[in-house]
Amino acid sequence: CIIWKAMYKLLNHLPEPKATSWSNSVKRFSVLMSHVHGARRTVHSTSTPYHYEEVLFTTEEWVPGGRYHVITLNRPKSLNALNYNMAGLITKDLKSVEQDDSIPLVVIKGSGTKAFCAGGDIIAVTEAGKVGGSLSKDFFRAEYSLNHYIGTYKKPFIAIIDGITMGGGVGLSVHGPFRIATEHTLFAMPETFIGLFPDVGGSHFLPKLKGKLGMYLALTGYRLKGRDVYHAGVATHLIAREKLPELAKELGRVCKASVSRSRDVVEAAVQSLLDQFHQQSIEVDGKCFSLDPYVDNINSMEGILDALQSDGSKWARDQLKTLGKMSPTSLKVTCEQLQRGAGLSFRDCFKMEYRMTQACMAGNDFYEGVRAVLIDKDNDPKWKPSTLAEVSPDLVRQHFDPPPDGLELELLHFFFSSSF
């Protein structure tokens, strides 16, 4: 069992930005062809000597001499959810490719048409936490180390976030320099509904979104779709799904001309190419950010609940209703997380988040949220404390204390390139 099931459940309870139902969205996803279907390419052996079913590692050559590395999350029936084993394999693969001068860039994508990656393994984590198992620490260490590594990677890194992108999928994409959304991208971070917090580096990138948009997304789990993922600043480019095979070929041409060149030269060439494809797609789309009418309200959320209650608009009432479903502890902890994260380095954000996970593992709400959404599926979590007023400053502070065992998250890669 995995977090995507929790997120799938959430999508039936969080407010829709449009009237279209989630079930109809899934039906549309299921009939769409894979974005690489029908494209011709030559696939050579990967530079690393392993090839696992859950993750595919290939070096693709769409034009002679235009080689680049592709990581494909290959669990489409599980919406490409990330587990502990996959995190280790991807990290090992990236380290190998980083040393290969014949490969100028890396692409990561998901298998199938429904999801890039809808989350990570949490039922196994909570089960381990109940009995003091090491996975309650090891999973977060492996995942956050990988997230940090992607953000500090020494080669251009392109994430094609086509389809559902939540939780673990956000961590695999948002810290790289190039993040391509399509009209089918669905981005959300609804962790507060399961008693957690927006992790995988959320404390680094969410405060950097315009105004208080990051705080809004973190607290409400609001779903951004298609162009909104770009307009919010989560994606760097919006490219139509039907254009992705053509883009793959053109990336090969860029790589052919970029072998042995510096990172800056390759990145500039990739940037120029993606800008061209983006311009074609954005002109066809021609729509504005759906949250534009509410940006001023989001900017005034220092008092958050008070501001929403005094606003009185339908939008404000909807947000209050959504916030009422979330873990009160998670809401207050998330507010503190983003405020602290705004002043921390990229590296220190992950160290802070690891501390927070261990506090969650020692508390009630993470287990209760997983129970209510995934196990009993009654969607009726019994939060402790049950109201915001009962969440003391001391309880919030404890989430940022060193782990009980004193073992902090250690990150060894220092080169910094995160575009946020």
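The shown structure was predicted, so the numbers you read here are calculated from the model rather than taken from an experiment.

## A closer look at the sheet that holds strand β9 (residues 186-188)
Spatially, 4 strands are ordered β5-β7-β9-β10 in an open sheet, and the strand pairing comes out mixed. Edge positions in the sheet fall to β5 (115-117) and β10 (224-225), since each of these pairs with one other strand and no more. In the sheet, β9 pairs with β10 via 2 bridges, with the strands oriented antiparallel. When the bridges of β10 are listed, phenylalanine 187 appears paired with leucine 224.

## Here we look at the packing of helix α5 (residues 135-151) against helix α16 (residues 346-361)
Two elements in contact, α5 and α16, have axes whose closest approach is 10 Å; the angle formed by their N-to-C orientations is 160°. In terms of orientation, α5 and α16 fall into the roughly antiparallel class. Crossing handedness for the pair α5 and α16: right-handed. Where α5 abuts α16, its residues Ser136, Lys137, Phe140, Arg141, Tyr144, Asn147, His148 and Gly151 lie against Phe346, Arg347, Phe350, Glu353, Tyr354, Thr357, Gln358 and Met361. Class assignment of the residues belonging to the contact of α5 with α16 gives a composition of 6 nonpolar, 6 polar and 4 charged.

## As for the pattern of salt bridges
When charged atoms on two side chains of opposite charge get close, those side chains can pair. Within the structure shown, the criterion is met by 16 salt bridges. Residue arginine 241 is joined to aspartate 162 by a salt bridge in which the shortest nitrogen-to-oxygen separation is 2.9 Å. Of this pair, arginine 241 sits in the loop between β11 (237-238) and α10 (244-256) while aspartate 162 sits in the loop between β6 (157-161) and β7 (164-166), and the two are 79 residues apart along the sequence. Between aspartate 378 and arginine 371 there is a salt bridge, with its nearest N and O atoms 2.9 Å apart. Residues joined in a network through salt bridges with shared partners are Glu368, Arg371, Asp376 and Asp378.

## Remarks on the packing of aromatic side chains
According to the stated counting rule, one finds 9 aromatic pairs in the structure shown. Here tyrosine 153 and phenylalanine 157 contribute two aromatic rings whose centre-to-centre distance is 6.3 Å and whose plane-to-plane angle is 75°, an arrangement assigned as edge-to-face.

## Quick notes on helix α17 (residues 365-375)
At 3.6 residues per turn, the α-helix brings residues three or four places apart onto the same side. The element α17 is extensively covered by neighbouring structure, given that 10 of its 11 residues are classed as buried. Every buried residue of α17 is listed here: Asp365, Phe366, Tyr367, Glu368, Gly369, Val370, Arg371, Ala372, Val373 and Leu374.

## Regarding the packing of helix α4 (residues 123-130) against α17
The N-to-C vectors of α4 and α17 enclose an angle of 135°; their axes lie 10 Å apart at closest approach. Regarding the angle of α4 to α17, the classification is oblique. For the crossing formed where α4 meets α17, the hand is left-handed. Between α4 and α17, the residues in contact are Ile123, Thr126, Glu127, Gly129 and Lys130 and Phe366, Tyr367, Val370, Leu374 and Ile375, respectively. Partitioning the contact of α4 with α17 into residue classes produces 6 nonpolar, 2 polar and 2 charged.

Rules behind the numbers
Residues numbered from 1 in each chain as written. Predicted model: local features only at pLDDT ≥ 70, side-chain atom pairs only at ≥ 80, totals over all residues. Heavy atoms only, no water. Pairing = 2+ DSSP bridges. Helix = DSSP H or I, 4+ residues; strand = E, 2+ residues; numbered from the N terminus. Axes fitted to C-alpha atoms, helices over the stretch in contact; angles between N-to-C directions. Parallel < 35°, antiparallel > 145°, perpendicular 65-115°, else oblique. Left-handed = near helix turned anticlockwise from the far one by under 90°. Contact = heavy atoms within 4.5 Å. Nonpolar A, V, L, I, M, F, W, Y, C, P; charged D, E, K, R; others polar. Salt bridge = Lys/Arg side-chain N within 4 Å of Asp/Glu carboxyl O. Phe/Tyr/Trp six-rings, centres within 6.5 Å; stacked < 30°, edge-to-face > 60°. Buried < 20%, exposed > 50% of the residue type's maximum accessible area, 1.4 Å probe, protein only.

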